[in-house]
Amino acid sequence: MNARDDARRQVLIVGGGIAGMTAAIALTGRGHTVEIVERNPDWSVTGWGLSLTGPSLRALQRLGLADACIGRGFGLTQISNCDSAGQARGVIDLPLLLGPDLPALAGLSRGALHEILREAALAGGAVLRTGMSVEALEESADGVTARLTDGTERRVDLVVGADGIRSTVRDLLGMPDQTVYTGQMVWRAIVPRPSWATTLHTFAGPVHNAGLIPISRDQAYAFVTENHADPAVLPQDELAERMRDLLSVFTGRVAEVAATIKDPDLVVRRPVHAGVVDGPWHRGRVVLIGDAAHAPSPQMVSGAALAIEDSLVLAEEAGLHDDVVTALDAFGRRRLERCRLVVETSVKVAELERDGHHAEAHRLQDRCHQVMAQPI
Ligand SMILES: Cc1cc2nc3c(=O)[nH]c(=O)nc-3n(C[C@H](O)[C@H](O)[C@H](O)COP(=O)(O)OP(=O)(O)OC[C@H]3O[C@@H](n4cnc5c(N)ncnc54)[C@H](O)[C@@H]3O)c2cc1C
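Residues numbered from 1 in each chain as written. Predicted model: local features only at pLDDT ≥ 70, side-chain atom pairs only at ≥ 80, totals over all residues. Heavy atoms only, no water.

This next bit is on the environment of Arg 335. Within the fold, Arg 335 resides in helix H9 (residues 324-354). For Arg 335 and Glu 309, which are 26 residues apart along the polypeptide, the C-alpha to C-alpha distance reads 8.6 Å. Apart from residues no more than four positions distant in its own chain, Arg 335 is found in contact with Trp 281, Leu 306, Glu 309, Asp 310, Val 313 and Ile 376. (Helix = DSSP H or I, 4+ residues; strand = E, 2+ residues; numbered from the N terminus. Contact = heavy atoms within 4.5 Å.)

Moving on, we get to the packing of aromatic side chains. Given two aromatic rings, one states the distance between the centres and the angle between the planes to describe the pair. Summed over the entire model, instances satisfying the criterion amount to two aromatic pairs. Their ring planes at 50° and their centres at 6.5 Å tell us that Tyr 221 and Phe 223 sit as a pair that is tilted. With respect to class, Tyr 221 is no different from Phe 223; both count as buried. Geometry around Trp 43 places Arg 118 over its ring, the cationic atom sitting 5.0 Å from the centre. (Phe/Tyr/Trp six-rings, centres within 6.5 Å; stacked < 30°, edge-to-face > 60°. Buried < 20%, exposed > 50% of the residue type's maximum accessible area, 1.4 Å probe, protein only. Lys NZ or Arg CZ within 6 Å of the ring centre and 35° of its normal.)

Turning our eyes to something else, we now look at the sheet that holds strand E9 (residues 134-140). Within a sheet, neighbouring strands are paired by backbone hydrogen bonds and run either parallel or antiparallel to one another. Taken in spatial order, the three strands line up as E9-E10-E11 in an open sheet, and their pairing is antiparallel. Edge positions in the sheet fall to E9 and strand E11 (153-156), since each has one partner strand and no second. Averaged over neighbouring strand pairs, the angle between their axes works out to 20° when direction is ignored. Taken together, the four bridges between strand E10 (residues 143-148) and E11 define a ladder with antiparallel strand orientation. Bridge pairing in E11 links Thr 145 to Arg 155. (Pairing = 2+ DSSP bridges. Axes fitted to C-alpha atoms, helices over the stretch in contact; angles between N-to-C directions.)

Turning our attention to the pattern of salt bridges. Within this structure, the stated rule accounts for 18 salt bridges. Between Asp 310 and Arg 335 there is a salt bridge; the shortest N-O distance is 2.7 Å. With a gap of 25 residues between them, Asp 310 in helix H8 (residues 303-320) and Arg 335 in helix H9 connect regions that are remote in the sequence. By relative accessible area, Asp 310 is classed as buried at 0%. (Salt bridge = Lys/Arg side-chain N within 4 Å of Asp/Glu carboxyl O.)

This part covers the nonpolar core. In this structure, Ile 13, Leu 52, Trp 281 and Leu 288 are the most contacted members of the largest nonpolar core, which totals 77 residues. When neighbours within four sequence positions are excluded, Leu 52 is seen to be in contact with Leu 57, Leu 60, Cys 69, Leu 105, Ala 106, Leu 108, Leu 113 and Ala 304. By size, the runner-up hydrophobic cluster in this structure holds 26 residues, among which are Ala 197, Val 224, Ala 240 and Val 254. (Core = buried A, V, L, I, M, F, W, Y, C linked by side-chain atoms within 4.5 Å.)

For the ligand, the set of nearby residues contains 28 residues, the closest of which are Glu 38, Arg 110, Ser 133, Thr 168 and Asp 291. Contacts to the ligand include Asp 291, whose side-chain N or O atom sits 2.8 Å from an oxygen atom. Between Gly 303 and the ligand, the recorded distance is 3.5 Å, taken from a backbone N or O atom to an oxygen atom. In isolation the ligand has 1000 Å² of accessible area, and contact with the protein removes 87% of it. Grouping the constituent residues of the shell around the ligand by class yields 12 nonpolar, 10 polar and six charged. (Near = heavy atom within 4 Å. Polar contact = N/O pair within 3.5 Å; in protein donor to acceptor, adjacent residues only side chain to side chain. Areas by Shrake-Rupley, 256 points an atom, 1.4 Å probe, with all protein chains shown as cover. Nonpolar A, V, L, I, M, F, W, Y, C, P; charged D, E, K, R; others polar.)

Right under this line is the structure:
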């Protein structure tokens, strides 16, 4: 441990998602005092599933949480790429970044991941305030004063903006929103896990791509990426039927799964936005992490990995430098190119997929996953 690890700092984290909670765990683990303000009053998450790739699990392992996530989810080691009738056209063995005894990837419900992170953040001593946000930030030579929406103020050494793709902290810093709509909608539905679903399945359709990822012994999530989609919001009670319609061009195993999509409340439909803020990601003592700084499209399945890696690197650099601003400069130097590569690749993959160039999209994805497999 470095000598600077003893320097206790007061940290305010805005946003209690994957980035904010893992930053709280990593920073309290190094002795810093952390308060999280989360806008959502009941800190709830929608129950859709999430895939934690090798780099996500590796980063969670450093926080001591990989086993819990794998235990609550479903571990996988292979991807089965299938045609629209469900016939396997190729099987990919995923790299085992956690060693031969642990899976390469885990499917998990988002709710389960949030519970694991929340417990660890609170157990580490982070203080959480829900139903609150930040409305002004004022920096002076030796700290930042944050005015919160309940009218109170905090004087801290560091503010971490972990408030997602529509970041308020980013707005307060005057940094532009660089995200673009890729023209796609991602649909996800929680379904009963068919017994054959023991790998991550993708299904190449004539127009849209679909897939199935187990998230527990009993459940899986089905997804379909709708190309050239109208981003208008649809009534929630129509979502199950509309998702079944999108999947109706598939046969075999996909048709079997589609028939089990019945409850519209277990279906989500989200526009795919992606983008990266031009560096640096900090102004003085206020820094952006996670989707607030760099939001990849879901095609790269790497948003969680980047967010958790940010948290680890931020805590490391905060322990290595006397001066907070120097630490944030060092954080940005270590993170910017890796995150930019993932976001830019994800946008390119989305475009290729949208226009039907699947082989080229897979090649780009593979190259980027190889870079992500490198240590941070
Ligand atoms: C449909 C879809 C599927 C995805 N699937 C995967 C996947 O399988 N694997 C993967 O790795 N990634 C996936 N991603 C990406 C991943 O979800 C994100 O990269 C990740 O959630 C980013 O975490 P975050 O904490 O930065 O942001 P968020 O998860 O958005 O969390 C931000 C938090 O800040 C809070 N907040 C927002 N504004 C304020 C404010 N002003 N004040 C206080 N709090 C605020 C929010 O309520 C939220 O709790 C997917 C994304 C989408 C859209």
